[in-house]
Amino acid sequence: MSQINRVLLAEPSQEHRERIKYLLELDPLFEVVAETDCGRDAISLADSLKPEVALVAVELHDMKGTQTIQEMKKMNPQMLVVLQAESADVECFFEALKSGAQGYLLKSLHPASFHEYLRSLVIEDATLPRELGYQILKQFVTENSPHGVQPKLMSRTELSSKKRNNFRPY
């Protein structure tokens, strides 16, 4: 059996904390050991409790999530930290990585996808959320296109439609 991963929740919305806690309590791999809405409290709790996992919101009541992550990682570098964000913001994603986060979760994910992604991070088998991957690719292509030419990237919907239209069974 896998070890239980103690989780610290740092999220300004009590409603969102309760939803995450409920979701994680359904999985024997996770145990929520502390929750807070402030960065300073999260840093203190991370230092005293030494959780294996911390979920940190982009903005807390008293400081940015990335600042909180940097401080937490100084005291507990092996802790797995995931930044929770409202949108697939590429700059925010890279800022999270620079601060020491190992993951980036969109709050808008369906609970099953949220759980699956968090679980995959813990077992070291994670991928990027699709929307974030699309935004990174879009920014990379735009920044590296010659002579200011901006190629058009197809959305998932357009791509799926094109695949269906070009599918030819043997």
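Before reading on, note that the structure itself is shown above.
Below or above, wherever it landed, is the structure these notes cover. (Residues numbered from 1 in each chain as written. Predicted model: local features only at pLDDT ≥ 70, side-chain atom pairs only at ≥ 80, totals over all residues. Heavy atoms only, no water.)

## Thoughts on the overall build of the protein chain
When its secondary structure is counted, the protein chain shows 7 helices and 5 strands. A burial count over the protein chain gives 39% of its 170 residues as buried. A separation of at least 24 residues holds for 60% of the contacts in the protein chain among residues at least 6 apart in sequence. (Helix = DSSP H or I, 4+ residues; strand = E, 2+ residues; numbered from the N terminus. Buried < 20%, exposed > 50% of the residue type's maximum accessible area, 1.4 Å probe, protein only. Contact = heavy atoms within 4.5 Å.)

## Digging into the pairing of strand 4 (residues 80-85)
Counting buried positions over the 6 residues of strand 4 gives 6, a clear majority of the element. Residues Leu-80, Val-82 and Gln-84 point to one face of strand 4 and Val-81, Leu-83 and Ala-85 to the other, with burial holding for every one of them. With 5 bridges joining them, strand 3 (residues 53-57) and strand 4 adopt parallel strand pairing. Its bridge partner lying in strand 4, Ala-54 is registered against Val-81. Traced from strand 3 through helix 3 (residues 65-75) to strand 4, the parallel crossover comes out right-handed. (Pairing = 2+ DSSP bridges. Right-handed = clockwise from strand over helix to strand, strands pointing away.)

## Examining the side chain of Ser-99
Turning to its location among the elements, Ser-99 is positioned in helix 4 (residues 90-99). Here Ser-99 falls in the buried class, since its relative accessible area comes to 5%. Aside from chain neighbours lying at most four places away, what touches Ser-99 is Thr-66, Ile-69, Gln-70 and Lys-73.

## A look at the nonpolar core
Judged by nonpolar contacts, the single largest core of 24 residues is most densely connected at Leu-8, Ala-54, Val-56, Met-72 and Tyr-104. For this core, the secondary-structure elements that each account for two or more residues are strand 1 (5-10), helix 2 (39-49), strand 3, helix 3, strand 4, helix 4 and strand 5 (103-106). One finds Ile-20, Val-32, Val-53 and Tyr-117 within the second-largest nonpolar core, a separate group that totals 17 residues. (Core = buried A, V, L, I, M, F, W, Y, C linked by side-chain atoms within 4.5 Å.)

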